[in-house]
Amino acid sequence: MFTYLLDDHIELKPLALQHVRALYQLTVDSRETLREWLPWVDAITDVEHTASYVKNAIKQGAENGAVSAGIWVQGDLAGIISFHEIHWHNRSVSIGYWLGTNYVGQGIMTSACRAFVDYAMMDLDLNRVEIRCATGNHRSRAIPERLGFVLEGIVREAECLPQGYVNHAIYGMLKSEWKLLR
């Protein structure tokens, strides 16, 4: 995946080492809102932690084809969207995402997810895309719901956050369904 324009102001770019400082700063600036749903946020205490994440994302992309992209709004890094490890035998992948505090509620992530699902199904020829969200994270859950994903179930106490265990809603989309929705 190369730079992908979502519209005149928003583009997706694969994560690269030159993005480390911008990503670290976005994480720091959004820490208070991100920590509610992302358990790794408080562990990011210096730029080297972010550099390690970017290096791992690049390595995973090279080894597995899983893409991690920055979401850029008018030239500023606004968030991250990524494929977790692609399961090539099953032709399936899970998508993870987050936005900086100043960028939520603008439809940015829905557009980014739509592009990623389309890339997974049409370009990579995957059969299934999954999105997991904490059941209480209504903003995150609204994204797969808007895109027509099917709520397939709830996994109890799936993740430990600072406030305790949270359940995950599991949403799925099949290639045959996506073709009808495009």
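This is a predicted model, so every value here is computed, not measured.

Visitor: Mind showing me how you'd approach the pairing of strand S2 (residues 10-14) here?
Guide: For a regular strand, the rule is simple: side chains alternate between the two faces of the sheet. Both strand S1 (residues 4-5) and S2 contribute to a ladder of two bridges, which runs antiparallel. Across the sheet, residue Tyr4 finds its bridge partner in S2, namely Leu12. Counting the residues in the hairpin turn of S1 and S2 gives four residues. Alignment of S2 against strand S3 (residues 68-73), held across five bridges, turns out to be antiparallel.

Visitor: What is the right way to look at helix H3 (residues 108-123) in this model?
Guide: Structurally, the α-helix is built with 3.6 residues per turn, so residues lying three or four positions apart point the same way. Along its 16 residues, H3 runs 22 Å from first to last C-alpha, staying within 8% of the 22 Å computed at 1.5 Å per residue. Among the residues trailing H3, Asp125 stands out with phi positive, at a value near 60°.

Visitor: What exactly am I supposed to notice about the sheet that holds strand S8 (residues 164-174) here?
Guide: Strands sit in the order S1-S2-S3-S4-S5-S6-S8-S7 across an open sheet of eight strands; the sheet is mixed. Here the strands that pair on one side only, and so sit at the sheet edges, are S1 and strand S7 (150-161). Each of strand S5 (92-99), strand S6 (128-134), S7 and S8 touches helix H4 (residues 138-146); the most contacted strand, S6, lies at about 155° to it.

Parameters and conventions
Residues numbered from 1 in each chain as written. Predicted model: local features only at pLDDT ≥ 70, side-chain atom pairs only at ≥ 80, totals over all residues. Heavy atoms only, no water. Pairing = 2+ DSSP bridges. Helix = DSSP H or I, 4+ residues; strand = E, 2+ residues; numbered from the N terminus. Expected span 1.5 Å × (residues − 1). Contact = heavy atoms within 4.5 Å. Axes fitted to C-alpha atoms, helices over the stretch in contact; angles between N-to-C directions.

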